[in-house]
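Here is what each chain is made of, one letter per residue.
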Amino acid sequence: SMASHGSSGQSVARLQAARPIAFTHVPKCGFSLANALIYLPGMCPDLPPGFVYADIHDDHKYREKVSEEWCSGSFSTEGRIYWSDHSGIGGVYDSSVKGHGVI
């Protein structure tokens, strides 16, 4: 299997090197990518079991808990209002998005 050749460990190491992820949530695209990101290995060790972003109301209610409490250090908020907002990246591309961006 691929895992026996160390690829799983290498993938986790690459993910950890990419932290903090600078996630740009595209308007009207739902939260499936946000849900996938928070469940990546090691990203949100304090996430409540079974937590899922269902809609925009969940984002308003939980966005600070995700970035500051449940997933501390995993998502960049530099130049943004919160970790999953719709902010542009031009002003912070070099300082926080390059090598860390996910759209």
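Before reading further, recall that the structure is shown in the block above.
**Comments concerning the packing of aromatic side chains**
- For the structure on display, the rule yields eight aromatic pairs.
- Centre to centre, the rings of Phe-31 and Tyr-53 are 5.3 Å apart; their planes meet at 25 degrees, and the pair counts as stacked. Highlighted residues: Phe-31 in the loop between strand S1 (22-23) and helix H2 (32-38) and Tyr-53 in the loop between H2 and helix H3 (56-70), separated in sequence by 22 residues. Across the pair, Tyr-53 and Phe-31 agree in class, each one buried.
- Between Tyr-53 and Trp-83 the ring centres are 6.2 Å apart and the planes differ by 35 degrees, which places this aromatic pair in the tilted class. Of this pair, Tyr-53 sits in the loop between H2 and H3 while Trp-83 sits in the loop between H3 and helix H4 (93-97); the two residues are 30 residues apart in sequence, bridging distant segments of the chain. The two residues Tyr-53 and Trp-83 agree in class, both being buried.
- A network of ring pairs unites the aromatic residues Phe-23, Phe-31, Phe-51, Tyr-53, Tyr-62, Trp-70, Phe-75 and Trp-83 as a single cluster.
- Directly above the aromatic system of Tyr-82 lies the positively charged group of Arg-63, at a separation of 3.8 Å from the ring centroid.

**Describing the state of the cysteines**
- In this structure the tally under the stated criterion is one disulfide.
- Linked covalently through their sulfurs, Cys-44 and Cys-71 form a disulfide whose S-S length is 1.9 Å. Handedness here is read from the sign of the S-S torsion; for Cys-44 and Cys-71, about 105 degrees, the answer is right-handed. Placement of the pair is Cys-44 in the loop between H2 and H3 and Cys-71 in the loop between H3 and H4, with a sequence separation of 27 residues. One exposure class covers both Cys-44 and Cys-71, and it is buried.

**What about the nonpolar core?**
- Ranked by internal contacts, the top residues of the largest apolar core, which has 18 residues, are Ile-38, Tyr-53, Val-66, Phe-75 and Trp-83.
- Secondary-structure elements contributing two or more residues to this core are H2 and H3.
- The contacts of Phe-75, once residues within four sequence positions are left out, are Pro-20, Ile-21, Leu-37, Ile-38, Met-43, Cys-44, Val-66 and Trp-83.

**Thoughts on the pattern of salt bridges**
- Throughout the structure, instances matching the rule amount to two salt bridges.
- With a shortest N-O distance of 3.4 Å, Lys-65 and Glu-69 are connected by a salt bridge. Here Lys-65 and its partner Glu-69 are both found in helix H3, four residues apart, which amounts to about one turn of the helix.
- On the basis of relative accessibility, which here comes to 35%, the residue Lys-65 falls in the partly exposed class.
- By relative accessible area, which is 43% here, Glu-69 ends up partly exposed.
- A salt bridge links Arg-80 to Asp-85; the shortest N-O distance between them is 2.9 Å.
- Classification of Arg-80 as buried rests on a relative accessible area of 13%.
- A relative accessible area of 2% means that Asp-85 is categorised as buried.

About the criteria used
Residues numbered from 1 in each chain as written. Predicted model: local features only at pLDDT ≥ 70, side-chain atom pairs only at ≥ 80, totals over all residues. Heavy atoms only, no water. Phe/Tyr/Trp six-rings, centres within 6.5 Å; stacked < 30°, edge-to-face > 60°. Helix = DSSP H or I, 4+ residues; strand = E, 2+ residues; numbered from the N terminus. Buried < 20%, exposed > 50% of the residue type's maximum accessible area, 1.4 Å probe, protein only. Lys NZ or Arg CZ within 6 Å of the ring centre and 35° of its normal. Disulfide = S-S within 2.5 Å. Core = buried A, V, L, I, M, F, W, Y, C linked by side-chain atoms within 4.5 Å. Contact = heavy atoms within 4.5 Å. Salt bridge = Lys/Arg side-chain N within 4 Å of Asp/Glu carboxyl O.

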